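# Fold and geometry: a report
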Amino acid sequence: MISFGRAFIANPDLVERLRLDLPIAADDLASWYAGGDTGYLTYPAYQHAA
């Protein structure tokens, strides 16, 4: 569970990324527990090339 928890923090669309074999974004450990939304609500979903 811990290994998926870290991945879910940086990848709000983790299930979709795993299903489609898309790259996994790295998490920013420095933003954890810093207060506010940074590091929790600021990670974007995967953007497909147009």
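Sequence order as written defines residue numbering, which begins from 1 separately in each chain. In keeping with the predicted nature of the model, local features appear solely for residues at pLDDT of at least 70, side-chain atom pairs appear and are counted solely at 80 or more, and the whole-chain, interface and lining totals rest on all residues. Side-chain descriptors were evaluated using all non-hydrogen atoms of the structure, hydrogens and water having been removed beforehand.

The numbering of helices and of strands both runs from the N terminus, where a helix is a DSSP run of H or I of at least 4 residues and a strand a run of E of at least 2. When helices and strands are tallied, the chain shows 2 helices and 0 strands. Across the 50 residues of the chain, 22% fall into the buried class. Considering only contacts in the chain between residues 6 or more positions apart, those separated by 24 or more positions represent 33%. The buried label goes to any residue with under 20% of its type's maximum accessible area, the exposed label to any with over 50%, and the partly exposed label to all in between, with areas taken from a 1.4 Å probe on protein chains only. Any two residues whose heavy atoms approach within 4.5 Å at even a single point are treated as in contact.

For D13, the location among the structural elements is in the loop between α1 (2-10) and α2 (14-20). For D13, a relative accessible area of 15% puts it in the buried group. A polar side-chain atom of D13 sits 2.8 Å from a polar atom in the side chain of R17. Here D13 is in contact with A45 and Y46, once residues within four sequence places are set aside. Between N or O atoms, a polar contact is any pair within 3.5 Å; within protein, one atom must be a potential hydrogen donor and the other a potential acceptor, and residues adjacent in sequence are included only when both atoms are from side chains.

Before going further, it helps to spend a moment on unusual backbone geometry. With a phi angle near 55°, D21 is a residue other than glycine that sits in the positive phi range. For D21, the position within the fold is in the segment after α2.

Of note, R6 is situated in helix α1. Taking the C-alpha atoms as reference points, R6 and D27, 21 residues apart in sequence, are found 7.0 Å from one another. Sequence-distant contacts of R6, that is, excluding residues within four places in its chain, are made with D27 and W32.

Another point: the environment of L29. Checked against the element boundaries, L29 lands in the segment after α2. Between the C-alpha atoms of L29 and R6, which are 23 residues apart in sequence, the distance is 9.3 Å.

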